[in-house]
Amino acid sequence: MNRGTRICIIVMAAVLMMLVPVQKAAADEQKKDIVIVIDPGHGGSQKGAEYNGLLEKDINMVVAKTMAEELEKYDGVKVYLTHDSPEDEMSIKERAEFADKVEADYFFCIHFNASGNHNFYGAETWVTSYGRYYAEMYAFSEILLQEFEEMGIYNRGIKTKLETDGTDYYGVLRRGAEFDIPAVIIEHCHMDNPEDSQFLSEEALIRFGELDAVAAAKFLGLKSSETGVDYSDFEVILPEEPKEPLQNDTTPPECSLVLVSMDNERQKAVFGIEASDEEYPILYYGYSFDGGEYFTPLRRWEAGQAYVEFELDYSQCVTEHLTVVVYNAFNMGTVSEKVPLEEVQEQIRLLENTLDNKASSSKETALVIEKQTGGELYLVIAALCLLGIVVAITGFIMDMRKTTKMNGNKCDKA
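What you see is a predicted model; the values in this text were computed from it and never measured. (Residues numbered from 1 in each chain as written. Predicted model: local features only at pLDDT ≥ 70, side-chain atom pairs only at ≥ 80, totals over all residues. Heavy atoms only, no water.)

**Description of the side chain of Asn 328**
Part 1: Considering the arrangement of structural elements, one finds Asn 328 in strand β14 (residues 321–328).
Part 2: Looking at Asn 328, the relative accessible area reads 0%, which means it is buried.
Part 3: A distance of 2.9 Å separates a polar side-chain atom of Asn 328 from the backbone nitrogen of Met 332. (Helix = DSSP H or I, 4+ residues; strand = E, 2+ residues; numbered from the N terminus. Buried < 20%, exposed > 50% of the residue type's maximum accessible area, 1.4 Å probe, protein only. Polar contact = N/O pair within 3.5 Å; in protein donor to acceptor, adjacent residues only side chain to side chain.)

**Regarding helix α6 (residues 202–220)**
Part 1: With 19 residues, α6 extends 27 Å between its outermost C-alpha atoms, agreeing within 8% with the 27 Å of an ideal straight helix rising 1.5 Å per residue.
Part 2: Counting buried residues along α6, 14 of its 19 residues qualify, which places the element largely inside the surrounding structure.
Part 3: Gly 221 sits one or two residues past α6 and shows a positive phi near 65°. (Expected span 1.5 Å × (residues − 1).)

**Remarks on the sheet that holds strand β13 (residues 307–313)**
Part 1: Strand order across the open sheet formed by three strands is β9-β10-β13, with antiparallel pairing between neighbours. Taken across any chain shown, the strands that pair with only one partner, and hence form the sheet edges, are β9 (254–263) and β13. On average, each strand axis in the sheet is tilted by 25° relative to the strand beside it, whichever way the strands run. (Pairing = 2+ DSSP bridges. Axes fitted to C-alpha atoms, helices over the stretch in contact; angles between N-to-C directions.)

**Side note on the environment of Glu 235**
Part 1: Checked against the element boundaries, Glu 235 lands in the loop between α6 and β9.
Part 2: Judged by relative accessible area, Glu 235 falls into the exposed class, the value being 64%.
Part 3: Residues Glu 235 and Lys 218, 17 residues apart in the sequence, show an inter-C-alpha distance of 8.2 Å.

**Notes on empty space enclosed by the protein**
Part 1: Under the defined criterion, the tally for this structure stands at one cavity of 30 Å³ or more.
Part 2: Its volume calculated, the largest cavity comes out at about 40 Å³.
Part 3: Those elements that provide at least two residues to the lining of the largest cavity are α3 (92–101) and α5 (171–178).
Part 4: Here the lining of the largest cavity takes three residues from α5, the largest share from any one element.
Part 5: A per-class count over the lining of the largest cavity returns six nonpolar, one polar and one charged. (1 Å grid on protein atoms, 1.4 Å probe; cavity = no way out; pocket = protein on both sides within 12 Å on 5 of 7 lines; lining within 4 Å. Points joined across faces, edges and corners; volume = space filled by probe spheres on them. Nonpolar A, V, L, I, M, F, W, Y, C, P; charged D, E, K, R; others polar.)

**Looking at the nonpolar core**
Part 1: With 46 residues, the main nonpolar core has Ile 38, Leu 71, Phe 112, Phe 140, Phe 148 and Phe 208 as its most contacted residues.
Part 2: When contributions to this core are tallied by element, the ones reaching two or more residues are β1 (34–40), α2 (56–71), β4 (77–81), β5 (106–113), β6 (123–127), α4 (131–151), β8 (183–190) and α6.
Part 3: When residues in this core are grouped by element, the largest group, ten residues, is from α6.
Part 4: With residues near it in sequence (within four places) discarded, Phe 112 still touches Glu 56, Ile 59, Asn 60, Val 63, Glu 187, His 188, Cys 189, Met 191, Leu 200, Leu 205 and Phe 208.
Part 5: Counting 25 residues, the second-largest nonpolar core is a separate cluster that includes Cys 109, Leu 283, Leu 298 and Phe 330. (Core = buried A, V, L, I, M, F, W, Y, C linked by side-chain atoms within 4.5 Å. Contact = heavy atoms within 4.5 Å.)

The structure is reproduced here in structure tokens:
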């Protein structure tokens, strides 16, 4: 090997040795930790919802800390809380700026819900109306709400809301997008409704935080060397990114009330509600005996259905009108036309008469059949008697002929 060849080999080896750390650095860069910021909603003087001695800012913190502790068990994840005490007070701008400062990849805002009339229940999420931020957080929300449903919580859906100028209504979503950080608001359940009260214990709050972490881990395809959990192959379905901002719901649902059937013996009547909505699914229904002043606690509307039935004891109807209400996922409600109970009772009487007439008709038919059956029996008996008479007469005639023939023979022999 000549001197020139040796020099070339040495130079090439040196170049390769220089490339190895560069490639390793590039690989390390690709394995950069995913940075997650969790924001316990409210804090300080911003108490959030209050009900039965519970403050939203307090229970938000329990859920947020649990979610952070659970996510820290996964590999390649760095987790931050915007604040770690319910007494800390931060503006929405400060929360978003904190996420930007730590170079957050995702922003999860923890909340609980309440309604003015304390009549709604269930969990929902709010996402931005724009681009990839919508698509990514919609996919995460589907995973999360499925986890909540398995826990027994009613699914109120994934929602967007815009200001009149077309920007996102919720500041954390709007500012998250400004900093290029997909953000989501998680409304875990309603603090002020008996349907959700079972999910407000300390044990349930911890479970919420665990499920938030599980949903995030599934969405991000994380795995944990500590626990052995591996979601790296979990399938995430991203919806199409909206080309235009998704608009708010503008139309309430339509509904009507019909009498379906009655059971006079049990004093029960079955009513049906037909309802539809072009924009948001229908979630609840209830009915009222006082013309709409007071409605029964809202019941769950079966997902994807345009019709539901309910049964009531019409012997207890002492007011003048019956009416129903339905609500869509955007809390827009529609009350049906008031149906005078006199009309309902008249319809019930008509149904009773119809059923009675059918029953009477059936009895008369049975009687006729019985009479016809009896007549046919008499005819059979008469026919048999007649046949017997014919046979007897025929036998008598044949005997007479035989006797006559025998007498004739006797005369010939004589």
